[in-house]
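Here's the letter readout for the chains.
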Amino acid sequence: MKTNRRCRALLAVSLNLMALLFSTTAFITTHWCEGTQRVPKPSCGKEKKTNCLNYGGNETANDTNQNVVHYSWETGDDRFLFRYFHTGIWYSCEENINAAGEKCRSFIDLAPASEKGVLWLSVVSEVLYIMLLVVGFSLMCLELFHSSSVIDGLKLNAFAAVFTVLSGLLGMVAHMMYTQVFQVTVSLGPEDWRPHSWDYGWSFCLAWGSFTCCMAASVTTLNSYTKTVIEFRHKRKVFEQGFREEQNFLDQEAIKYFRERTEEERAEAGDLRLQCLHSCSPN
């Protein structure tokens, strides 16, 4: 039983650690959502000769580079670029079309005023989610390595399960609130930021993977607690049943002993009476 309990505790600690690592990584990265933004091409110049608009005059550039587009009313979508962007809880980063690298903006500033409160609730919930995961992980480690008795281990197990379940619920709420805020920002956000197309990124997958590991850890911990309690109750029931049977056996043996002793005493008393009658009767 002790080996099985230790294996279940080790599995719960591993799942909790994975949930903690995944949630922390997702919280600090900017790939919750990613996609493309439709922006006008910049004007061509000395430093910019590709993916730009030529407003006339530079015929050499037009002859040598097919990516340069003459500005006219008939060019349509050729006047636009589709730049890559990715967004997290804190920042939204997008490809810089005028230079190498990326430029980032605060996603909190991009969110509509009506959604800023929900976004801050999502941030607070994410922080509490990670903190409760840390508390649950610490309790599980105490139960695994420093538990002096089974009863103390069960208490730590129960508290760890409660904290882990609470953290999982907070994490689920935080992820859903962030998704709602992002979808509203896509519709009502700044014109120069609104995505042309988007999808969820690997940080979003890590966040929900963390939630899955968290709930698996809580289920494992609760299963370990319940199974240990059931085993103890079964052992106690078997012990009490054996004790009752032994007590009944002893009681029956005592009754039999006293009954036999009473019969012997009666027989001895009868013999004494007979001897007394013989000795007292006249010859």
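This one's a predicted model, so the numbers in the text were calculated from it and none came from an experiment. (Residues numbered from 1 in each chain as written. Predicted model: local features only at pLDDT ≥ 70, side-chain atom pairs only at ≥ 80, totals over all residues. Heavy atoms only, no water.)

*Asks:* Please clarify how the UniProt feature "transmembrane region" (unreviewed entry) in the chain should be interpreted in this entry.
*Replies:* Summarizing the sequence annotation, UniProt attributes the feature "transmembrane region" (unreviewed entry) to residues 127-146, 158-180 and 200-226 in the numbering used throughout. End-to-end, the C-alpha atoms of residues 158-180 are 34 Å apart, and along that stretch the chain is 100% helix and 0% strand. (UniProt positions renumbered as here; feature names shortened; annotations may be inferred. Helix = DSSP H or I, 4+ residues; strand = E, 2+ residues; numbered from the N terminus.)

*Asks:* Just checking my understanding: could you explain the state of the cysteines for this structure?
*Replies:* Think of a disulfide as a covalent bridge from one cysteine sulfur atom to another cysteine sulfur atom. For the structure on display, the rule yields one disulfide. Each disulfide pairs two cysteine sulfurs, and for C93 the partner residue is C104, the sulfurs being separated by 1.9 Å. Here the disulfide of C93 and C104 is right-handed, its torsion about the S-S bond being about 105 degrees. Taken together, the residues span a long stretch of sequence, with C93 in strand β5 (residues 91-95) and C104 in strand β6 (residues 102-106) at a distance of 11 residues. (Disulfide = S-S within 2.5 Å.)

*Asks:* Got a minute to help me understand the pairing of strand β4 (residues 80-87) in this structure?
*Replies:* Walk down a regular strand and you will see the side chains alternate between the two sheet faces. Taken across its eight residues, β4 has six buried, putting it largely inside the fold. Between the end of β4 and the start of β5, which pair antiparallel, lie three residues. (Buried < 20%, exposed > 50% of the residue type's maximum accessible area, 1.4 Å probe, protein only. Pairing = 2+ DSSP bridges.)

*Asks:* Would you mind going over the pattern of salt bridges with me for this structure?
*Replies:* Applying the stated criterion across every chain yields a total of four salt bridges. In this structure, R194 engages E191 in a salt bridge whose closest nitrogen and oxygen atoms are separated by 3.4 Å. The partly exposed category is assigned to R194, whose relative accessible area is 29%. Connected through salt bridges with shared partners, the residues R83, E94, R105 and D192 form a single ionic network. (Salt bridge = Lys/Arg side-chain N within 4 Å of Asp/Glu carboxyl O.)

*Asks:* I tried to follow the sheet that holds β6 on my own but got confused; where do I start?
*Replies:* Backbone hydrogen bonds hold the strands of a sheet together, and the pairing may be parallel or antiparallel. Read across the open sheet, the five strands follow the order β6-β5-β4-β1-β7; overall the sheet is antiparallel. Every interior strand has two partners, whereas the edge strands, β6 and β7 (197-200), have only one. Across this sheet, the average inter-strand angle for adjacent strands is 25 degrees, counted without regard to direction. In this sheet, β6 lies alongside β5 in antiparallel orientation, the contact comprising five bridges. What sits directly across from E94, in β6, is K103. (Axes fitted to C-alpha atoms, helices over the stretch in contact; angles between N-to-C directions.)

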